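# Descriptive analysis of the structure
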Number of protein chains: 2
Amino acid sequence: MAQARPAGASWANYENIMKLQAAHFIDAQRLWERHMHMAKYGATPAGGVDRQALSAEDIQAQKVLLGWGSELELVPARDAAGNLFLRLPGLEPGAAPVMTGSHMDSQPTGGKFDGIYGVLAGLEALQAIRAAGIVPRRSIELVAWMNEEGSRFAPGMMGSSVFSGSSTLDSILSIKDSRGISVQEGLEKVQAAFPLVPLWPLQRPVHAYVEAHIEQGPILESESYSIGVVSGIQGKRTFSVSLQGEEAHAGTSRRCDRKDALMAALQVVQALSALCNDDQDIVKFTVGRFQVKPNAPSVVPSLVEFSIDLRHPDSSVLQSLGDQVELLCAQNAGPCKATVRELSNAISLQFPQSMRTLISEVAQTQSISCMDILSSAGHDARYMHPICASGMIFIPCAGGISHNEAESANASDMANGAKVLVETLLQLAA
Amino acid sequence: MAQARPAGASWANYENIMKLQAAHFIDAQRLWERHMHMAKYGATPAGGVDRQALSAEDIQAQKVLLGWGSELELVPARDAAGNLFLRLPGLEPGAAPVMTGSHMDSQPTGGKFDGIYGVLAGLEALQAIRAAGIVPRRSIELVAWMNEEGSRFAPGMMGSSVFSGSSTLDSILSIKDSRGISVQEGLEKVQAAFPLVPLWPLQRPVHAYVEAHIEQGPILESESYSIGVVSGIQGKRTFSVSLQGEEAHAGTSRRCDRKDALMAALQVVQALSALCNDDQDIVKFTVGRFQVKPNAPSVVPSLVEFSIDLRHPDSSVLQSLGDQVELLCAQNAGPCKATVRELSNAISLQFPQSMRTLISEVAQTQSISCMDILSSAGHDARYMHPICASGMIFIPCAGGISHNEAESANASDMANGAKVLVETLLQLAA
């Protein structure tokens, strides 16, 4: 790490000053205001955000981010999977970069902090490094991953999984949203919006990855910690289930003759729910998407398609539960035909102890309270973990509420997260 | 009834010849081909029809009907509720007309016969009367009622209920479809399409109403009858239920903290289904529409809205079951809030014996086999019944399948229905 010696600093206390000087430039108000500005792109009447991946709102938000990056003279780049990068060049351009970031897309009724906090905290960190006059040895790159949420195009974490080589570009291009628009068409729109931003290759070497995020749970707030040092991410399996029945007239068809896909789906979901009903309330079982066809009041439904989101911190429990899904669907489908497709199967993971120790020490140096915490939600860090030393920094969110328009966080916690992030990045880039 | 004496007929056998001469002009092939032509407007890839009320396809189909009416020199008219009329003028223009018809709108995945058969059989009857050179005493009017199905705008039978005064025009104008388009906007589109067709008043006097329709059930086919003389229509109550919960993150929110609207809806629907589970399989209970919000895989659903279609031939059973809906919803909503709105409550009805006898006799005179049958489905005749002598003629449909793209009927049964219809209309108009 090379920088000008701060005025008035002797070489003796140089190291301590260096450790804190970037964090000193974190500006809580600027960070907050950037969140409020970004929340305009996809703003919902109820105060939330609907900014789904590759949408017009997503592109607008990316334009704003590129503008802020340009003011800081960061180097913009994209890749073929729709990920966006802003690089602060280091002294050794050939060395693998340190990355930080998260995602800018939201749920259909999402909040102002999920994902975008990690992007804007990363930008704040780069701005603070610039302001401190520091040029790190390794380049530090801010990344905004494409489609973390998976609400428009399933599954989520698409950009990071393709970047890291966990899935291929080809495998995502033909996936379509509910209106029949493909990821490929969406990517072409983004490409057309940013013709001058160079395309960098997928699967570039990365030295380390640190992602800041709101907790999306109640623990940090209720335990009064400003920072969570994330120990790992609980495992998650996702499925798509369809039940095929037969349309019939609601007034004339007898119950015994019906192949009612909705009634079959109810039986199936209740059987799955019973399977996942553990006394300790650790299993997370959610049917979030549920579509009925033809969806007309006087027609017996012929088709139901629904999603399963199944999570558990213990990979063996997760595997056992997930492995029973297909059989339970078949057994409870009655006269209908059940088809189960597994969309993703991610086991629980632990971030390396060295990364967790570094983040804790950086927090302690700044007297910012921190605790270890398991991430119940999935994050792009899951896909960076196999290719480089990765970790995450959580900040509290109000009431643990997330994936909800009422999602909130406070400016002081947000700034603390950025302070821990910037010093962690500088240590990793040294 | 006045017409030229058929060549070669003595006045002695005049009455018998008269009774059959219109039926002789019913053309099975023309009737079939008109069905196939109409099925082009809203044709679905699976061979069905999606021609919902006041849609562009509905307007196209009405244009075709007006064209056919014009060839027969029928007098076209509309009313403010979007109903379409084609009048064959009688000898006494001031006498209340005899009406026949049905609807041209379909379910989203409907068939080629539901509704449109009654309209085209009516047109065939008028064409046969013209061909026979008969001028009846009363005018005979063909009607195509607006929005019988109620799939785009709920509830159904809108046009006939407003025409007959069972509901007011004002009460339907602000009803919106799922895209937010109102009935009023739809009616304005229809009005713009037919500026030269005069508007006749609502609630005009009608002498009698006869509606031909496919059975939409399996009885006529399995009993090998060509015609069903409809004794009455079973009662129906419809409801809209909403369950309000709270969005939460699928990976982080604990089951005990969730207000999962989907899980609440499953409990509610199962409780209602159990209530309606009679040993004799007479109660018809259907949840045909079921909408989930925000409908994203990793978000706990915050809102479910679903429809209830409840029918029973015994009005006291229907009232008793329907009266339990609201309480059962509240009792089974768990942590969510249930709101129940009743959309319609129609008791079972019986058509007048005189009309049923007339239809039976007309069929017997023509040696067309017929049986009495209860209509399990609702029809526009329900709303004409309170204002004039009304009845219905059913023909078989293949396998009893309806509200399904596979719906089918055969040309010979269709022609038999039109033969019985035309002679019934002539008797009523005499």
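Everything in this summary refers to the structure shown in the same document.

## What to know about the overall build of chain A
For chain A, the count of helices and strands is 14 helices and 18 strands. For chain A, the spread of C-alpha atoms along the three principal axes comes to 90 × 50 × 40 Å. Burial status across chain A gives 61% buried among its 430 residues. When the accessible area of chain A is evaluated, it comes to approximately 15600 Å², of which 51% is carbon and sulfur surface.

## Here we look at the relation of the copies chain B and chain A
In the superposition of chain B on chain A (RMSD 0.1 Å, axial shift 0.1 Å), the rotation amounts to 179°. Each copy turns onto its partner about a two-fold axis. Looking at the rotation axis and the C-alpha trace of chain B, the residue lying nearest is Leu266 of chain B, at 2.9 Å. Taken together, the interface assignments show that 100% of the residues at the interface of chain B recur at the interface of chain A, consistent with an identical surface on both copies.

## Re the state of the cysteines
Overall, the coordinates contain 0 disulfides over all chains when judged by the stated rule. Of all cysteine sulfurs in the structure, the one in Cys397 of chain A sits closest to Cys370 of chain A, which takes part in no disulfide; the separation is 18 Å. Cysteine Cys276 of chain B is unpaired, with the sulfur of Cys329 of chain B as its nearest cysteine sulfur at 11 Å. You can call Cys276 of chain B buried: its relative accessible area is 5%.

## What to know about the side chain of Gln127 of chain A
Relative to the elements of secondary structure, Gln127 of chain A occurs in helix H4 (residues 116–131). Those residues within four positions of Gln127 of chain A in sequence are excluded, and the remaining contacts are Arg30, Arg34 and Leu72 of chain A.

## So, the pattern of salt bridges
In this structure the tally under the stated criterion is 28 salt bridges over all chains. One salt bridge connects Asp309 of chain A with Lys236 of chain A, and the closest N-O pair in it is separated by 3.7 Å. Here Lys236 of chain A lies in strand S9 (residues 235–244) and Asp309 of chain A lies in strand S14 (residues 303–312), a separation of 73 residues in the sequence. Overall, Asp309 of chain A belongs to the buried group, its relative accessible area being 2%. The partner of Arg311 of chain B in a salt bridge is Asp309 of chain B, and the shortest N-O contact between them spans 2.7 Å. Comparing Arg311 of chain B with Asp309 of chain B, the two get one shared label, buried. Each of the salt bridges in this network shares a partner with another, and the network as a whole consists of Arg30, Arg34 and Glu124 of chain A.

The rules we used
Residues numbered from 1 in each chain as written. Chains lettered and ligands numbered in written order. Predicted model: local features only at pLDDT ≥ 70, side-chain atom pairs only at ≥ 80, totals over all residues. Heavy atoms only, no water. Helix = DSSP H or I, 4+ residues; strand = E, 2+ residues; numbered from the N terminus. Buried < 20%, exposed > 50% of the residue type's maximum accessible area, 1.4 Å probe, protein only. Areas by Shrake-Rupley, 256 points an atom, 1.4 Å probe, with all protein chains shown as cover. Least-squares fit on C-alpha atoms with pLDDT ≥ 70 in both. Contact = heavy atoms within 4.5 Å. Disulfide = S-S within 2.5 Å. Salt bridge = Lys/Arg side-chain N within 4 Å of Asp/Glu carboxyl O.

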